[in-house]
Amino acid sequence: MSAARTFGFALLGAVIGAATGAGLGLLGGLGHTELASVSGFEGYSGFVVAYWMLAGCVLGLLVGIFAGVKLARRKVDQVD
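Computed from a predicted model, the values in this text were never measured in an experiment.

A.B. asks: I'd like to hear about the packing of helix α1 (residues 3-35) against helix α2 (residues 44-73), residue by residue, with values.
C.D. replies: Running from amino to carboxyl end, α1 crosses α2 at an angle of 150°, the nearest separation of the two axes being 5 Å. Between α1 and α2, the interaxial angle falls into the category roughly antiparallel. When you trace α1 past α2, the crossing you get is right-handed. Among the residues forming the contact of α1 with α2, the class breakdown is 17 nonpolar, 14 polar and 2 charged.

So this is what it looks like as structure tokens:
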């Protein structure tokens, strides 16, 4: 196992995790604004959705890095 493989998997996991987290945060934020009847006055509902997206992006980034490193360090069984 090389450090480059671990770094590559961590980077790939970070990108995919951040994008997935931001998408889920978008859906969660839109759902929250509808269910909680958040006011649209001066774009307040947009700020709420942006906060949810940012939180989802950061959480997805961390989970993606963790998953990428765990996947890179997993031992591959060799067929004899």
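Past the structure itself, the notes keep going.
A.B. asks: Can you explain a nonpolar patch on the surface? Please cite residues and give values.
C.D. replies: On the surface, a cluster of nonpolar side chains totalling about 330 Å² of accessible area is made up of F7, L11 and V15. Within the element layout of this structure, F7 appears in helix α1. Here F7 falls in the exposed class, since its relative accessible area comes to 58%.

A.B. asks: Got a sec to walk through unusual backbone geometry? Specific residues and values, please.
C.D. replies: One non-glycine residue with positive phi stands out, namely S37, at about 50°. Assignment of secondary structure puts S37 in the loop between α1 and α2. For E42, which is not glycine, the phi dihedral falls at a positive 50°. Secondary-structure assignment places E42 in the loop between α1 and α2.

Rules of the game
- Here the residue numbering is sequential within each chain, running from 1 through the sequence in written order.
- In view of the model being predicted, local features appear only for residues whose pLDDT reaches at least 70, and side-chain atom pairs are presented and counted only at 80 or more, with totals across whole chains, interfaces and linings using the full set of residues.
- The side-chain numbers reported here are obtained from all heavy atoms of the structure, hydrogens and water having been left aside.
- To get an axis, fit a line to the C-alpha atoms, keeping to the stretch in contact for a helix; angles then go from 0 to 180 degrees between the N-to-C directions.
- For helices the rule is a DSSP run of H or I covering at least 4 residues; for strands it is a run of E covering at least 2, with both sets numbered from the N terminus onward.
- For classification purposes, angles smaller than 35 degrees are called roughly parallel, those larger than 145 roughly antiparallel, those between 65 and 115 roughly perpendicular, and all remaining angles oblique.
- The sense of a crossing depends on the near helix, which, turned anticlockwise from the far helix by less than a right angle, makes the crossing left-handed and, turned clockwise, makes it right-handed.
- Three categories are distinguished: nonpolar for Ala, Val, Leu, Ile, Met, Phe, Trp, Tyr, Cys and Pro, charged for Asp, Glu, Lys and Arg, and polar for the others, with Gly belonging to the last.
- Only residues whose relative accessible area exceeds 30% and that form no salt bridge enter a patch; like-charged residues are grouped when within 9 Å of one another, and nonpolar side chains (Val, Leu, Ile, Met, Phe, Trp, Tyr) when within 5 Å.
- Values of accessible area rely on a 1.4 Å probe in the Shrake-Rupley scheme; residue burial ignores everything except the protein chains shown.
- Criterion for a salt bridge: a side-chain nitrogen of Lys or Arg within 4 Å of a carboxyl oxygen of Asp or Glu.
- Only protein chains enter the calculation, and the probe is 1.4 Å; a residue is then buried if its accessible area is under 20% of its type maximum, exposed if over 50%, and partly exposed in between.

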